[in-house]
Amino acid sequence: MAKVRIMCVCGTGIATSTVAHDGIEKICKKNGIDFDIIQCKALEVASQVGTFKPDIIISTTPISAKTSVPIVSGIPLLTGVGIEKLEQDVLEVLKDKK
Amino acid sequence: MLDLKLLDRDLVMLNIEADTQKEALEKLAQRLCEKGYVKDTYAQAILEREKVFPTGLPTEGHGVAIPHTDVEHVNKPAIALGILQKPIKFNLMGDVDPNNQVDVRILFMLAIKEPHMQLKLLQDIMEIIQDGVLLEKMVQAKSVDELVEATEQYAREKEGVA
């Protein structure tokens, strides 16, 4: 079973993406998903997609870069509102990967 | 649970008079700058970042924004807390539609130096903003002491439950 590659994105790459990072880590562990996570700034998305090759992007900010990688909003990881839906969405994206 | 070590009482501002987002952000940023937590460039960086990556968050009660910016503008980590005299509109975080705004009364302005160090603090803030009763107490507080007491009481109750 390969590791899934998760990229957490926010405006600065250090604030809300850190909270998202922690939240998504918990979801992965709970669901027995083996993972690698990085965090980056929204402006770095295009270059990071090329080098890190994520399976999924969790973002707390709109991403302008065009990418074929599925993007899921990480706002529920911050506010707790809609967290179950986020978990379902993430598992749906990752179900073919793990 | 609530770690208030980064919440310097000198960085709590009540009753901020501001008509625009810019004014509100500048007043709080200036306080961080006066106290040496951030560099001169911080306020401008905050304003620019807020335009591109807004930080308004909808809550059960008073809207909250968590403006912050890149580490190079920060000397030492801190959090400034500002209560606005009247609500000011902020765009929603993560929302592409600029028409979706939230009326913000409470500003948590973050001076972030390293990501993981402040994870707990950010999580605490996220927990606070989900508690409409506490937000109301913060907005109604007549003094900094009263506001800090409300958050400390909240923390004690949380610990009691856990």
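Structure: above.
Definitions and limits used
Residues numbered from 1 in each chain as written. Chains lettered and ligands numbered in written order. Predicted model: local features only at pLDDT ≥ 70, side-chain atom pairs only at ≥ 80, totals over all residues. Heavy atoms only, no water. Phe/Tyr/Trp six-rings, centres within 6.5 Å; stacked < 30°, edge-to-face > 60°. Lys NZ or Arg CZ within 6 Å of the ring centre and 35° of its normal. Pairing = 2+ DSSP bridges. Helix = DSSP H or I, 4+ residues; strand = E, 2+ residues; numbered from the N terminus. Axes fitted to C-alpha atoms, helices over the stretch in contact; angles between N-to-C directions. 1 Å grid on protein atoms, 1.4 Å probe; cavity = no way out; pocket = protein on both sides within 12 Å on 5 of 7 lines; lining within 4 Å. Points joined across faces, edges and corners; volume = space filled by probe spheres on them. Nonpolar A, V, L, I, M, F, W, Y, C, P; charged D, E, K, R; others polar. Contact = heavy atoms within 4.5 Å. Buried area = accessible area lost by both parts, 1.4 Å probe. Salt bridge = Lys/Arg side-chain N within 4 Å of Asp/Glu carboxyl O. Buried < 20%, exposed > 50% of the residue type's maximum accessible area, 1.4 Å probe, protein only.

Once that is clear, we can look at the packing of aromatic side chains. Under the criterion given, the structure shown has 0 aromatic pairs over all chains. Its end group placed over the ring of A:Phe52, A:Arg5 keeps NZ or CZ at 4.3 Å from the ring centre.

Next up on the list: the sheet that holds strand S4 (residues 71-73) of chain A. All names here are of chain A. Read from one edge of the open sheet, 4 strands run S2-S1-S3-S4, paired in parallel fashion. Looking along the sheet, the strands with just one partner apiece sit at the ends: strand S2 (35-41) and S4. Strand-to-strand, the axes of this sheet are offset by a mean angle of 25 degrees, without reference to chain direction. Sheet analysis places strand S1 (residues 4-10) next to strand S3 (residues 56-59), joined by 4 bridges and oriented parallel. Bridging from a neighbouring strand, valine 9 pairs with serine 59 of S3.

Time to look at empty space enclosed by the protein. Evaluated as defined, the whole model comprises 2 cavities of 30 Å³ or more. In this structure, the second largest cavity occupies an estimated 50 Å³ of space. A:Cys10, A:Gly11, A:Thr16, A:Thr60, A:Thr61, B:Arg49, B:Phe53, B:Pro54, B:Thr55, B:His68 and B:Met93 together form the lining of the second largest cavity. For the lining of the second largest cavity, the residue count by class is 4 nonpolar, 6 polar and 1 charged.

Quick look at unusual backbone geometry now. With a phi close to 50 degrees, A:Lys53 is a non-glycine residue in the positive phi region. Mapped onto the elements, A:Lys53 comes out in the loop between helix H2 (45-52) and S3. Its identity is not glycine, yet B:Asn15 carries a phi of approximately 60 degrees, on the positive side. Locating B:Asn15 in the fold gives a position in strand S1 (residues 12-16).

As a further point, take the interface of chain B and chain A. Facing the 20 residues of chain B at the interface are 20 residues of chain A. Taking both partners together, chain B and chain A bury about 1800 Å²; carbon and sulfur atoms supply 72% of that area. If you look at where chain B meets chain A, you find 1 salt bridge. A salt bridge links B:Asp70 to A:Lys41, with the nearest nitrogen and oxygen atoms 3.6 Å apart. Its residues assigned to classes, the side of chain B that touches chain A comprises 11 nonpolar, 6 polar and 3 charged.

This brings us to the pairing of strand S5 (residues 101-111) of chain B. Residue and element names in this part refer to chain B. Burial of S5 is extensive: 9 of the 11 residues sit out of reach of the surface. Alignment of strand S3 (residues 63-65) against S5, held across 3 bridges, turns out to be parallel. If you follow valine 64 over to S5, its bridge partner there is isoleucine 106. The pairing of strand S4 (residues 78-91) with S5 spans 10 bridges and is antiparallel. Note that in S5 the partner of lysine 89 across the bridge is aspartate 103.

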